[in-house]
Amino acid sequence: MTTTQQDSVHAFRALHTPARPLALANAWDVASALIVESAGAPAIATTSAGVAWSLGCPDGDALTRDEAVAAISRITAAVTVPVTADIETGYGDGPDAVAETVRQVVAAGAAGVNIEDGTRPPADLAARLAAARDAVGADLFLNARIDTYLFGLGEDGTRLKETLERAHRYVEAGADGIFVPGVTDLGTVAALAAGIPVPLNVMAGPGAPSVAEFGAVGVARVSLGSGVAQAAYAAARRAAQELLGTGGYAPLADAVDFGELNGLLSAPAARHSSE
């Protein structure tokens, strides 16, 4: 890991604070990452779903490791802020394969990763996290995603307890942060933040509390997940439906200016050509 990348990792770690939660509008390609960066984002997070969709795959470990790493590499090369990459369950059948994925992601320039448990036994993610930590040492922010709320796993009455037990297990295995998507109730989120000894990450969308409200109950990181990509594809659908239906063009009224977008993509190209 280069000194520049070490600085990026350290800067990324420092962004995790409930006093001013790290707000992440997840990107899926170079253009979306540059747009997010130009809005003032201090870091870029990828969405595995958005990356997969942009490459013609469904979400859910359908991407190959090479495809995922190539996408991450393009984004890290284009932006100047730290990048954290969603790598689903690690793009591998076991801990050794996940360790190799993480090594390649670090080599691609990422400062952090998300690894999720999904419906796998907690022991599986714990082993993957431990292998990832052993592979790259402390110079990577490992965010462990717990899917108990997102997938409705277990009984309602014991879900909080199960989530906290998983969180502690994952922290012991090497996780630097815990991501619990699928829950936005401030009471539950506050209980999670109080019971987890590392920064808590939640996923937000329409109807969820504000970033500041999440911070007030202890959340250190708020992500939009695949929501931005879904909104972009919704814009494409609205434009197509109006064009093919009424022959109109109204959905294009809020489009990013051509020159602005082209300029964003020209800047990194110019940087790379001068290296």
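Refer to the preceding data block for the structure.
Calculation rules
- Sequence order as written defines residue numbering, which begins from 1 separately in each chain.
- The predicted origin of the model limits local features to residues at a pLDDT of at least 70 and limits the giving and counting of side-chain atom pairs to 80 or more, whereas totals for whole chains, interfaces and linings rest on all residues.
- With hydrogens and water excluded, all non-hydrogen atoms of the structure serve as input to the side-chain values.
- Per the convention used, a helix needs a DSSP run of H or I reaching at least four residues, while a strand needs a run of E reaching at least two, with both numbered from the N terminus.
- Our radius of gyration is a C-alpha quantity, and the globule rule it is checked against amounts to 2.2 Å times the number of residues to the power 0.38.
- The contact criterion used is simple: two residues touch if any of their non-hydrogen atoms lie within 4.5 Å.
- The accessible surface values rely on the Shrake-Rupley method and a 1.4 Å probe; as for residues, cover is taken only from the protein chains in view.
- Under the convention used here, Asp and Glu are negative, Lys and Arg are positive, and both His and the chain ends fall outside the count.
- Lysine's charge is taken at NZ, arginine's at CZ, aspartate's at CG and glutamate's at CD.
- One bridge is not enough; two strands pair if DSSP finds at least two bridges between them.
- Crossovers are described as right-handed under a simple rule: with the strands pointing away from the observer, the path leading from the first strand over the helix to the second runs clockwise.
- Exposure classes here rest on a 1.4 Å probe applied to the protein chains alone. A residue is buried below 20% of its type maximum, exposed above 50%, and partly exposed in between.
- Throughout this description, a polar contact denotes any pair of N or O atoms lying within 3.5 Å of each other; where both atoms belong to protein, one of them has to be capable of donating a hydrogen while the other can accept it, and for residues adjacent in sequence the pair is counted only when both atoms sit in side chains.
- Expected helix span is computed as 1.5 Å times (number of residues minus one).
- Each cavity reported here is a set of points on a 1 Å grid over the protein atoms alone in which a 1.4 Å probe fits but cannot get out, each pocket an open set with protein on both sides within 12 Å along at least five of seven lines, and each lining residue one with an atom within 4 Å of a point.
- Grid points are joined across faces, edges and corners, and a volume is the space filled by probe spheres set on the points.
- Note that Gly is not counted as nonpolar here; it falls among the polar residues with everything else outside the nonpolar set of Ala, Val, Leu, Ile, Met, Phe, Trp, Tyr, Cys and Pro and the charged set of Asp, Glu, Lys and Arg.
- We call a set of buried Ala, Val, Leu, Ile, Met, Phe, Trp, Tyr and Cys residues a nonpolar core when their side-chain atoms join them within 4.5 Å.
- Put simply, a salt bridge is a Lys or Arg side-chain nitrogen that is within 4 Å of an Asp or Glu carboxyl oxygen.

(A) The overall build of the protein, seen in detail. Counting its secondary structure elements, the protein contains 11 helices and eight strands. The C-alpha radius of gyration of the protein comes to 19 Å, within 12% of the 19 Å expected for a compact globule of 275 residues. Here the C-alpha coordinates of the protein stretch approximately 55 × 45 × 35 Å along the principal axes. The long-range share in the protein, meaning contacts at least 24 apart out of those at least 6 apart in sequence, stands at 67%. For the protein, the computed accessible surface area is about 12400 Å², with 56% contributed by carbon and sulfur atoms. Treating the 17 positive side-chain charges of the protein as one cloud and the 31 negative ones as another, the clouds have centres 2 Å apart.

(B) Highlighting the pairing of strand 7 (residues 200–203). Bridge count for strand 6 (residues 177–179) against strand 7 is two bridges, and the pairing is parallel. If you follow I178 over to strand 7, its bridge partner there is L200. In this view, the connection linking strand 6 to its parallel neighbour strand 7 by way of helix 8 (residues 186–195) has right-handed handedness. Pairing geometry for strand 7 and strand 8 (residues 221–223), over three bridges, is parallel. Looking at the pairing, M203 lines up with S223 of strand 8.

(C) Seen up close, the side chain of T148. Along the chain, T148 falls in the loop between strand 5 (141–145) and helix 7 (159–173). Judged by its relative accessible area of 0%, T148 is buried. One polar contact links T148 to T163, side chain to side chain, over a distance of 2.6 Å. Each residue touching T148, except ones within four places of it in the same chain, is listed here: L153, R159, E162, T163 and R166.

(D) Quick peek at the pairing of strand 3 (residues 83–86). Both faces of strand 3 are covered, namely the face carrying V83 and A85 and the face carrying T84 and D86. In terms of strand pairing, strand 2 (residues 44–45) meets strand 3 through two bridges, oriented parallel. When the sheet's bridge partners are listed, A45 is paired in strand 3 with T84. For the handedness criterion, the β-α-β arrangement of strand 3, helix 5 (residues 95–107) and strand 4 (residues 112–116) is classed as right-handed.

(E) Spatial organisation of helix 7. With 15 residues, helix 7 extends 21 Å between its outermost C-alpha atoms, agreeing within 8% with the 21 Å of an ideal straight helix rising 1.5 Å per residue. Burial in helix 7 covers these residues: R159, T163, L164, R166, A167, Y170 and A173. Among the residues trailing helix 7, G174 stands out with phi positive, at a value near 125°.

(F) Examining the layout of surface pockets more closely. Empty space within the largest pocket amounts to approximately 600 Å³. The wall of the largest pocket is formed by 23 residues, among which A232, A235, D254, A255 and V256 lie closest to the centre. If you list the elements that add at least two residues to the lining of the largest pocket, you get helix 2 (30–38) and helix 10 (227–245). Here the lining of the largest pocket gets seven residues from one element, more than from any other, and that element is helix 10. For the lining of the largest pocket, a count of residues per class yields 19 nonpolar, two polar and two charged. In this structure, the second largest pocket encloses a volume near 310 Å³. What lines the second largest pocket is a set of 21 residues, and nearest its centre among them are D59, D86, R145, M203 and S226. At the level of secondary structure, the elements contributing two or more residues to the lining of the second largest pocket comprise helix 3 (48–54), strand 4 and strand 7. Broken down by class, the residue content of the lining of the second largest pocket amounts to six nonpolar, 10 polar and five charged.

(G) Looking closely at the nonpolar core. Counting 50 residues, the largest nonpolar core has I87, V102, I115, Y170, I178 and L200 as its most contacted members. Sort the elements by how many residues they give to this core and helix 6 (residues 122–136) lands first, with five residues. When sequence neighbours within four positions are dropped, the list of residues in contact with V102 reads I87, I115, A132, V136 and L140. Counting 12 residues, the second-largest nonpolar core is a separate cluster that includes A33, I75, A78 and L264.

(H) Up close: the sheet that holds strand 2. Pairing is parallel across the open sheet formed by eight strands, whose spatial order is 1-8-7-6-5-4-3-2. Edge positions in the open sheet fall to strand 1 (22–24) and strand 2, since each of these has one partner strand only.

(I) Looking closely at the pattern of salt bridges. Tallying each qualifying case throughout the model produces 11 salt bridges. D156 is paired through a salt bridge with R159; the nearest N and O atoms lie 3.0 Å apart. On the accessibility criterion, D156 (63% relative accessible area) is exposed. Taking relative accessible area as the criterion, R159 reaches 12% and is therefore assigned buried. The structure contains a network of salt bridges with shared partners spanning R13, R133 and D176.

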